[in-house]
Amino acid sequence: MTDIPKSHPRYTSLVARERVAEGVKKGLTSSQGLIAQGRGECFDYLLGEKTTTSAEKATRAAAALLLLAKRPALSVNGNVAALVPGEMALLAEVLDAPLEVNLFHRTEARVKKIADLLREKGAKSVLGENPDATVPGLDHARALATRGGIYDADVVLIPLEDGDRCEALVTMGKSVIAIDLNPLSRTARKATISIVDNILRAVPNLTAMASQLSSGTRADLETILQGYDNQKVLCQAVQEIQDHLEKQFGKQLV
Ligand code: PTJ
């Protein structure tokens, strides 16, 4: 990897870029993953590269939903594997949930490499290498699912998705949590809960929140969800972008 000095003003963003590029070299991430990372970076820039109030709200609700779930499952693709493999393994442990490798640009070699990496990072249950079911309504490899994992889950976490699986999972009756820096994306708009935040911040925050809330009662968790409105949270995220731009350039520009 390029040696990026810690003093560089864009250190975190450049390291993330390096990790995705390294993911491509190692055969974990698709080349399209570089484009996805660029798109994410752009939205992160607009948000001020910080966890906003709306993202905190969504993260809290997502933690409550995952703790209330009977069968949660966490989806992992090539970008997630490049950026937060250990963090996903830790989240899976805290939630006692399986990780399932699910790829849009699927190759069996890449699925295996990602599954091996997750196991190396300590994940106990990693699915996706032997899918035995399909999500109805999808004509691509993302449809592949595993019984005991995403296929039977009541709550599914889908970080950095690219399209219609979110809607298809919701149609199956599942609650879906997205992590997506783009509040306007189809995934963010169709999800039950959308965390508009960089996955680098969102996954550790979600794990910390789940650990914190796990000592509460089911009633406490249900109360968090009753007060949650995803459309309002997405509108707030767009407003936060506008507020950030106004702070940078003055009101007349927006
Ligand atoms: O590994 P595969 O084959 O499953 O492919 C994975 C990618 C990510 C390449 C594929 O799903 C894809 O093409 O995704 P898109 O359409 O680029 O969408 C990814 C979404 O994630 C976009 O809305 C981005 O803004 C968002 N995103 C990208 N990087 C980050 C992010 N959100 C949070 N944190 C990031 N670091």
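Everything below is about the structure printed above this text.
So, a few notes on the structure that sits alongside this text.

Cut-off values and rules
Throughout, residues of each chain are indexed from 1 in the direction in which the sequence is written. Thresholds applied to this predicted model are a pLDDT of at least 70 for local features of residues and 80 or more for the giving and counting of side-chain atom pairs; totals over whole chains, interfaces and linings are not thresholded and use all residues. Derived side-chain values reflect all non-hydrogen atoms in the structure, with water molecules and hydrogen atoms excluded from consideration. Nine residue types can take part in a nonpolar core, namely buried Ala, Val, Leu, Ile, Met, Phe, Trp, Tyr and Cys, and a core is a set of them joined through side-chain atoms within 4.5 Å. Summary of the burial criterion: residues with accessible area below 20% of their type's maximum are buried, those above 50% are exposed, and those between are partly exposed, where the area comes from a 1.4 Å probe applied to protein chains only. Each helix is a run of H or I in the DSSP string that is no shorter than four residues. Each strand is a run of E no shorter than two, and both are numbered from the N terminus. Throughout, a contact is declared for two residues whenever any of their heavy atoms are within 4.5 Å. Should DSSP find at least two bridges between two strands, the strands are taken to pair. As a rule, the C-alpha atoms of each element are fitted with a line to give its axis, helices using only the stretch in contact, and angles between N-to-C directions run from 0 to 180 degrees. Put simply, a salt bridge is a Lys or Arg side-chain nitrogen that is within 4 Å of an Asp or Glu carboxyl oxygen.

**Comments concerning the nonpolar core**
Inference 1: In this structure, L74, M88 and I177 are the most contacted members of the largest nonpolar core, which totals 51 residues.
Inference 2: Broken down by element, the residue count for this core peaks at 8 residues, all from helix 3 (residues 53-68).
Inference 3: Look past the residues within four positions of I177 in its chain and what remains in contact with it is A62, L65, L66, V155, V156, L157, I158, I193 and I195.
Inference 4: A73, V135, A143 and V176 belong to the second-largest nonpolar core, a separate cluster that totals 15 residues.

**A look at the sheet that holds strand 6 (residues 155-159)**
Inference 1: Read across the open sheet, the 6 strands follow the order 3-2-1-6-7-8; overall the sheet is parallel. The sheet is open, and its two edges are formed by strand 3 (126-127) and strand 8 (193-195), each paired on a single side.
Inference 2: Bridge analysis of strand 6 against strand 7 (residues 175-179) gives 5 bridges, and the strand direction is parallel. Looking at the pairing, P159 lines up with I179 of strand 7.
Inference 3: Those strands touched by helix 6 (residues 108-120) are strand 1 (72-76), strand 2 (99-101) and strand 3, and its axis lies near 155 degrees from that of strand 2.

**Things to note about the side chain of R165**
Inference 1: Looking at the secondary structure, you find R165 in helix 7 (residues 165-171).
Inference 2: Take R165: its relative accessible area is 1%, and that puts it in the buried class.
Inference 3: Excluding residues within four positions of it along the chain, R165 makes contact with S75, N102, L138, R142, I150 and I158.

**Quick word on unusual backbone geometry**
Inference 1: Positive phi, normally seen in glycine, also occurs at E49, with a value near 50 degrees.
Inference 2: Tracing the backbone shows E49 in the loop between helix 2 (32-47) and helix 3.
Inference 3: You will see that D96, though not glycine, has its phi angle at about 55 degrees, which is positive.
Inference 4: As for its position among the elements, D96 is in the loop between helix 5 (85-95) and strand 2.

**Notes on the pattern of salt bridges**
Inference 1: Scanning all chains against the criterion turns up 13 salt bridges.
Inference 2: Across the salt bridge formed by E41 and R17, the nearest N and O atoms sit 2.6 Å from each other. Taken as a pair, E41 in helix 2 and R17 in helix 1 (residues 11-26) lie far apart in primary sequence, 24 residues in all.
Inference 3: The exposure class assigned to R17 is partly exposed, which follows from its relative accessible area of 44%.
Inference 4: Salt bridges sharing partners connect three or more residues here, namely K112, D116, R119 and E129.

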